[in-house]
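Architecture and fold: a report
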Amino acid sequence: MSPEAHSAPRSLAEALRARDDASLAALLRSRPDLITPVPTDLTQLATRAGTRASVLRALERLDRFALQTAEALAVAPDPASYATLLGLMAGDAGDETVAGALPRAVACLREQALVWGGDDRLRLVRTARELLAPSPQHPSPTGLGPTVQEATSGMSPGRIQEIVTAAGLPSTHDSVSAVTALTALFTHRKKMAKLLAGAPEAAREVLTRLVWGPPYGQVTADPAAHLRWLLDRGLLLPTTPGTVVLPREVALHLREGRAHRTPEPLPPAVTPAAAHSSQVVDATAAGQAYTALATVEELLKDWDEGGPAVLRAGGLSVRDLKRTAVALDVSEPVAAFWVELAYAAGLIASDGEADERYAATPAYDEWLEQPPAERWARLAQAWLAATRTPGLVGGRDAKDRTLSALGPGLDRSAAPEVRHRVLSLLAALPQGAAPDAESVLARLRWERPLRGAQRDGDDDLRSRLARWALSEAELLGVTGRGALSAHGRALLGAPAAAPAAGSGSAEAGSAESAGPGDKLPVHHHRAADRLVPLAAAEQAVATAAAARLLAPLLPEPLDHVLLQADLTAVAPGPLRRPLADMLGVLADVESKGGATVYRFTPASVRRALDAGRTAADLHAFLAEHSRTPVPQPLAYLIDDVARRHGHLRVGAASAYVRCDDDTLLNEILADRRAAALRLRRLAPTVLAAQTDPATLLEGLRAMGYAPAAESAEGDVLITRAHAHRTPPRTAPEPVPDGPPPPDATLLSAAIRAIRAGDLAATTPRKPVGEPLAGGELPRTSSAETLATMQAAVLTGDSVWIGYVNADGAASQRVIAPVRVEGGFVTAYDHTADEVRTFPLHRITGVAELADD
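Worth saying up front: this structure is predicted, and the values here are computed from it rather than measured.

1. Digging into the overall build of the protein chain
- What the protein chain contains, in helices and strands, is 37 helices and 25 strands.
- Across the 852 residues in the protein chain, those meeting the buried criterion constitute 46%.
- Excluding contacts between residues fewer than 6 apart, the proportion of contacts in the protein chain whose partners are at least 24 apart in sequence is 67%.
- Here the protein chain displays about 41,100 Å² of accessible surface, and carbon together with sulfur accounts for 55% of that area.

2. Quick look at the pairing of strand 25 (residues 843-848)
- Counted residue by residue, strand 25 has five buried out of six residues, so it is predominantly covered.
- Sheet topology places strand 21 (residues 799-804) next to strand 25; five bridges connect them, and they run antiparallel. Across the sheet, G802 pairs through a bridge with G845, a residue of strand 25.

3. Remarks on the nonpolar core
- Counting 91 residues, the largest nonpolar core has F186, L235 and L236 as its most contacted members.
- When near neighbours in sequence (up to four residues on either side) are disregarded, L235 contacts F186, M192, L195, L196, L207, W229, L230, V245, L246, P247 and V250.
- Of all hydrophobic cores here, the second largest spans 75 residues; its members include L300, L347, L461 and L550.

4. Considering helix 14 (residues 201-210)
- Of all the residues in helix 14, the buried ones are A203, V206, L207 and L210. All buried residues of helix 14 lie within an arc of 95° about the axis, which places them on one face of the element. In helix 14, the exposed positions angled more than 90 degrees off the buried face are occupied by T208 and R209.
- Turning to helix 14, the residues buried within the fold contact helix 13 (189-197), strand 3 (216-218), helix 15 (225-232) and helix 16 (248-254).

5. A short note on the packing of helix 7 (residues 82-90) against helix 8 (residues 96-111)
- Here helix 7 crosses helix 8 at 125°, and the two axes come no closer than 10 Å. Considering the angle they form, helix 7 stands oblique to helix 8. Here helix 7 and helix 8 pass one another in a crossing that is right-handed. Where helix 7 abuts helix 8, its residues Y82, L85, L86, M89 and A90 lie against V98, A99, L102, P103 and V106.
- Here the contact of helix 7 with helix 8 is built from residues that sort into 10 nonpolar, no polar and no charged.

6. Focus on the sheet that holds strand 15 (residues 596-599)
- The strand order 12-13-15-14 describes an open sheet built from four strands, whose pairing is antiparallel. For this open sheet the edge positions go to strand 12 (562-564) and strand 14 (588-591), each flanked by a neighbour on one side alone. The mean inter-strand angle of the sheet, taken between neighbouring strand axes irrespective of direction, is 30°.
- Across three bridges, the pairing between strand 12 and strand 13 (residues 568-571) is antiparallel. Opposite L563, over in strand 13, you have A569 as the bridge partner.

7. Here we look at a negative patch on the surface
- A cluster of acidic residues, D660, D661, D662 and E667, forms a negative patch on the protein surface.
- Mapped onto the secondary structure, D662 falls in helix 34 (residues 662-670).
- Given the relative accessible area of 35%, D662 is considered partly exposed.

8. Considerations on the environment of A676
- On the secondary structure map, A676 appears in the loop between helix 34 and strand 18 (679-683).
- For the pair A676 and T691, spaced 15 residues apart in sequence, the C-alpha to C-alpha distance is 9.1 Å.

9. Let's talk about the pattern of salt bridges
- Inspection of every chain in the model, using the stated rule, returns 35 salt bridges.
- A salt bridge links D78 to R123; the shortest N-O distance between them is 3.6 Å. With a gap of 45 residues between them, D78 in the loop between helix 6 (64-74) and helix 7 and R123 in strand 2 (residues 123-124) connect regions that are remote in the sequence.
- Looking at D78, the relative accessible area reads 41%, which means it is partly exposed.
- Here R443 and E447 are joined by a salt bridge, their closest N and O atoms 3.1 Å apart. A residue pair is termed a helical-turn pair when its members lie 3 or 4 positions apart in one helix, as R443 and E447 do in helix 23 (residues 437-447) at four residues. For the pair shown, R443 and E447 are each scored as buried.
- When salt bridges with common partners are traced through the structure, they connect R159, E162, R228 and D232 into a single cluster.

10. Considering the packing of aromatic side chains
- A full pass over the atoms with the stated rule returns four aromatic pairs.
- The ring centre of W367 lies 5.3 Å from the NZ or CZ of R375, which sits over that ring.

11. Considerations on the sheet that holds strand 24 (residues 834-839)
- Spatial ordering of the open sheet is given by 24-23-22-21-25, a layout of five strands whose pairing is antiparallel. Each edge of the open sheet is held by one strand with a lone partner, namely strand 24 and strand 25. Put simply, the sheet's adjacent strands are angled 45° from each other on average, direction ignored.
- Relative to strand 24, strand 23 (residues 824-829) runs antiparallel, the two sharing six bridges.

12. A word on helix 34
- Turning to helix 34, its buried residues are L664, L665 and I668. All buried residues of helix 34 project into a common sector of 100° when viewed along the axis, lining one side. Exposed residues on helix 34 whose side chains face more than 90 degrees from its buried face are T663 and A670.
- The elements touched by buried residues of helix 34 are strand 17 (655-658), strand 18, strand 19 (686-689) and helix 35 (693-702).

13. Observations concerning the packing of helix 21 (residues 372-385) against helix 22 (residues 415-427)
- Here helix 21 crosses helix 22 at 115°, and the two axes come no closer than 7 Å. The orientation of helix 21 relative to helix 22 falls into the category roughly perpendicular. Note on element contacts: helix 22 touches helix 21 through P416, R419 and L423, opposite W383, L384 and A385.
- Residues of the contact of helix 21 with helix 22, tallied by class, amount to five nonpolar, no polar and one charged.

14. Notes on the environment of A437
- Mapping A437 onto the fold places it in helix 23.
- Owing to a relative accessible area of 30%, A437 belongs among the partly exposed residues under this scheme.
- Spatially, the C-alpha atom of A437 lies 8.3 Å from that of A273, the residues being 164 residues apart in sequence.

15. Some thoughts on unusual backbone geometry
- Each neighbour pair has its own omega, and for T36 with P37 the value is 0°, a cis peptide bond.
- Position of P37 relative to the elements: it lies in the loop between helix 3 (21-30) and helix 4 (42-49).
- Residue P79 follows D78 across a cis peptide bond; omega there is 0°.
- Positionally, P79 belongs in the loop between helix 6 and helix 7.

16. Things to note about the confidence of the model for the protein chain
- Averaged over the protein chain, the pLDDT score is 84; the fraction of residues at 70 or greater is 89%.
- Scored below 50 in pLDDT, residues 454-458 shows nine contacts in the model against residues more than four places distant or in partner chains.

17. Concerning the side chain of D282
- Structurally, the position occupied by D282 is in helix 17 (residues 278-302).
- Although D282 is buried, it forms no salt bridge, and the closest oppositely charged side chain is R489 at an N-O distance of 8.0 Å.
- Non-local contacts of D282, meaning those with residues more than four positions away in its chain, are made with S485, A486, H487 and L553.

Reading guide: rules and limits
Residues numbered from 1 in each chain as written. Predicted model: local features only at pLDDT ≥ 70, side-chain atom pairs only at ≥ 80, totals over all residues. Heavy atoms only, no water. Helix = DSSP H or I, 4+ residues; strand = E, 2+ residues; numbered from the N terminus. Buried < 20%, exposed > 50% of the residue type's maximum accessible area, 1.4 Å probe, protein only. Contact = heavy atoms within 4.5 Å. Areas by Shrake-Rupley, 256 points an atom, 1.4 Å probe, with all protein chains shown as cover. Pairing = 2+ DSSP bridges. Core = buried A, V, L, I, M, F, W, Y, C linked by side-chain atoms within 4.5 Å. Arc of directions from axis to C-beta. Axes fitted to C-alpha atoms, helices over the stretch in contact; angles between N-to-C directions. Parallel < 35°, antiparallel > 145°, perpendicular 65-115°, else oblique. Left-handed = near helix turned anticlockwise from the far one by under 90°. Nonpolar A, V, L, I, M, F, W, Y, C, P; charged D, E, K, R; others polar. Patch = residues over 30% accessible without salt bridge, like charges linked within 9 Å, V, L, I, M, F, W, Y side chains within 5 Å. Salt bridge = Lys/Arg side-chain N within 4 Å of Asp/Glu carboxyl O. Lys, Arg positive; Asp, Glu negative; His and termini not counted. Charge placed at Lys NZ, Arg CZ, Asp CG, Glu CD. Phe/Tyr/Trp six-rings, centres within 6.5 Å; stacked < 30°, edge-to-face > 60°. Lys NZ or Arg CZ within 6 Å of the ring centre and 35° of its normal. pLDDT = per-residue confidence, 0-100.

Structure, rendered in structure tokens:
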């Protein structure tokens, strides 16, 4: 046996033991579930790395070519050489691209402990082989079937000899050698070609239909002559009555050695669909960012005095979502996005009352006081990390229940990773380039093919998440015209993009007008392409940088409006908050856009008077904030409503109306619309109603009057708008997609603990009395334990001990005793990598370590 063969690892644990700390750290970083909790030694780490759940999670994170490589190893001999694997991936004719990409794929599989062994003996972890190898219940993605040996395992020896003879081979004395000879024939290219040359044309057509899978077919009890020809020579082998299979070796010959029909060694490129100047992209994104802020503010203002009721199962009703969409003048899916975004940012929550409703949180008031760019950054950061997926609203869950906005069942743990990856792909394009959406989806499917195979509705979930990410990024202003903005790039933590070729020149101008069908050069920014989600502290820095870049692009709030003679006011841009708040009470928003149009009506003026403003206050407010003279019709409207405001008084009797003008009361009594209020005269100036004051107020206002409410003392009640707030609430925590990646400190501590535990488990020991069974603790008397410890203190040697802690848990440790006194031994514990004190009565026994 050669020294190389002697030193080759015999198990995954031995392969892990041969790794350095950097390699172990890479494994634990890529598969964080392996250190939750930290394994005691490398044997336990290897066992955990081979469990079905962990292997399946690791396979889901492979790209398509790495997965194809693992699938090829699953149908290769175990173990397989690198040359055999290359033949399966590149075929007999070879493929330079596949050959160039294969070392990276094998290194990836090795790093994640899915493959171990040297290039001469590559072994796929057994669980991965079971998951990927072909079987009748779970066909292989390669389309290959069982080997000749597997397919003939239940066949009678006589039938096997008949097949060998029909194939032109000499008969053998046993089935094993016969199957070996048949396998050798099917894997010999020249002999196999000669055998197939004599096949009937119909037989070759059957093989062509089965060659790329599925490899199973149906036959009758009396098959046709061309099928009988194939069956007699073992080119088709029976599995169950009426079913035949194409053996793997035959399929590989017909495929010219390739395990996959189309190997995909390189990721598909993300192609630009259009290009714009960076100024246009940033300005468009900034405009949309401002619209996002205005929309969230409008949503929360609409819910200021208490929003929709919370459904018993949680979430918004369909009717409330429709009403919110109408209020925001958007579609229902877009309304669901804004509602979920405000919820993810911690700006809305349920109030927790008996009649539970949604309302703004105290954090909303703090958010309003921040500069616009910082408010946007908070929304963008919440969106980037949220696992709640608004795009699912209106769909059905596993129990066929409708998924509602703000309700349960909307969390998808893959959402943050997909959003981040989509933006990373955009960051890899030239500055100002908008991607072709289908090329983005194709790239994501290549990067996570198994994840994409998990279906969630009509389309695979990962593709749907990517589509939503592209549209939501545009709504939020992270992108502009489909291209990643400068502040969006900063939010991602990506380096500044290099300008596209010809930027700022005539070429840039022509790119500006490029259409979706135009061919644009594809550039790859490798640094951006390798972006990974940032840690919390790094994300905070990136978010602050994004806010700084966005701030100069947002429009400055205005302190004036333009009053017009048709009882409207035009706000040519965003208004300062006090002006916007007051104008929102005094007038109704008629249209929104680049300029907002407000309309003054009797009802809106009365609303301002009900809030405690006087006619003089309103005249002064308009004169101060209008760049145009106050139109006479508007002044007359305010004076007319103010003159009638409070002429009628409504109080609690059940309810009553009083007025100094009995003619006006006669008019009300004579009006048919007042019948529902059931009014009756108590005195010449007083009417009583059998309704509550609020209903009476609304009824009279609907009839065109302007009554004012009064208190029990007869004073006019000023109905100021009050803000309903929930108790302090925290934003919803994202649902993690498995254990979080460990940081450098945790990795270092975990590797140190695993190494120490492995040292304790594998260090050679001198025998103590009778040889111990595997895993059994050493047993020595108290006197022997004390004497050995004292001797180790004098010599400075390390010893192996068995130890039982206060909870009764037994363990074995390697320690270097420093001092023995008072029934305790103080020693450096190699297993824990620290100095500890052990009670002697808890030490089951001690043994000296072997000299080597």
